[in-house]
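Tertiary structure, described
These are the residues of each chain, in order.
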Amino acid sequence: MSGTVEAAIAAAGLTLPDVAPPLAAYKPAVRSGVYVYTAGQLPLVEGKLPLTGKVGAEVTAEEAKELAATCALNALAAVKSVTGDLDRIARVVKVVGYVASAADFTGQPAVINGASELLARVLGEKGVHARSAVGVAVLPLDAPVEVEIQVELTED
């Protein structure tokens, strides 16, 4: 455990996972100046999706909200992979969440709250961010949700 953010993750009863390996030709996270941009993170747990399908059909909104929190945790792992230390996060600037939605499902913001609430819980005020929550037809591996984040780092 390297610092206060990881202590907050542990206090929430969670474990920061290893960074998920890319599913295609990209990096899990890229640093540009004081910003880190993550690739879209699926709710993989030990390399597997706990649930698949569309939210509002095979997956409930509450289940998807929990999966969105897992995506955010995976995004933090991706950030750590390029910074070495989550305590370098000055703030989360933006979160973009994608929800594989049944045709009549309109609760995307509530689903992506899972990611937003996790980030605020482990980062405090630094975790509060701008956000988009988008409904899509399908996601990689038939995942119900995918989340990407942009963070600003403290100066070196």
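Refer to the structure above for everything that follows.
All figures in this text were calculated on a predicted structure; none of them were measured in a lab. (Residues numbered from 1 in each chain as written. Predicted model: local features only at pLDDT ≥ 70, side-chain atom pairs only at ≥ 80, totals over all residues. Heavy atoms only, no water.)

Moving on, we get to the packing of helix α2 (residues 61-83) against helix α3 (residues 108-123). The N-to-C vectors of α2 and α3 enclose an angle of 45 degrees; their axes lie 7 Å apart at closest approach. Considering their axes alone, α2 and α3 lie oblique with respect to each other. Along this stretch, α2 crosses α3, giving a crossing that reads as right-handed. Contacts between α2 and α3 involve Ala61, Ala64, Lys65, Ala68, Ala69, Ala72, Leu73 and Leu76 from the former and Ala110, Val111, Ile112, Asn113, Gly114, Ala115, Glu117, Leu118, Leu119, Val122 and Leu123 from the latter. In terms of residue class, the contact of α2 with α3 is built from 15 nonpolar, two polar and two charged. (Axes fitted to C-alpha atoms, helices over the stretch in contact; angles between N-to-C directions. Helix = DSSP H or I, 4+ residues; strand = E, 2+ residues; numbered from the N terminus. Parallel < 35°, antiparallel > 145°, perpendicular 65-115°, else oblique. Left-handed = near helix turned anticlockwise from the far one by under 90°. Contact = heavy atoms within 4.5 Å. Nonpolar A, V, L, I, M, F, W, Y, C, P; charged D, E, K, R; others polar.)

In this section: the environment of Ala77. With respect to the helices and strands, the residue Ala77 is situated in helix α2. Along the sequence, Ala77 and Lys126 sit 49 residues apart, while their C-alpha atoms lie 17 Å from each other. Leaving out residues up to four positions away in the same chain, Ala77 has contacts with Leu16, Pro17, Asp18 and Val19.

With that settled, consider the layout of surface pockets. Its volume calculated, the largest pocket comes out at about 500 Å³. Contributing to the lining of the largest pocket are 24 residues, with Leu44, Val45, Thr70, Leu73 and Asn74 lying nearest its centre. Elements represented by at least two residues in the lining of the largest pocket include exactly α2 and α3. The residue inventory of the lining of the largest pocket, partitioned by class, reads 12 nonpolar, five polar and seven charged. (1 Å grid on protein atoms, 1.4 Å probe; cavity = no way out; pocket = protein on both sides within 12 Å on 5 of 7 lines; lining within 4 Å. Points joined across faces, edges and corners; volume = space filled by probe spheres on them.)

Turning next to the pairing of strand β2 (residues 35-38). Consecutive side chains along a regular strand alternate between the two faces of the sheet. A one-sided burial pattern is seen for β2, the buried positions being Val36 and Thr38 and the unburied ones Tyr35 and Tyr37. Of the strand pairs in this sheet, strand β1 (residues 29-32) and β2 are connected by four bridges, and their pairing is antiparallel. In the strand pairing of β2, Ala29 is matched with Thr38. As consecutive antiparallel partners, β1 and β2 are separated by two residues, and within that stretch Gly33 has a phi angle of approximately 65 degrees, a positive value. (Buried < 20%, exposed > 50% of the residue type's maximum accessible area, 1.4 Å probe, protein only. Pairing = 2+ DSSP bridges.)

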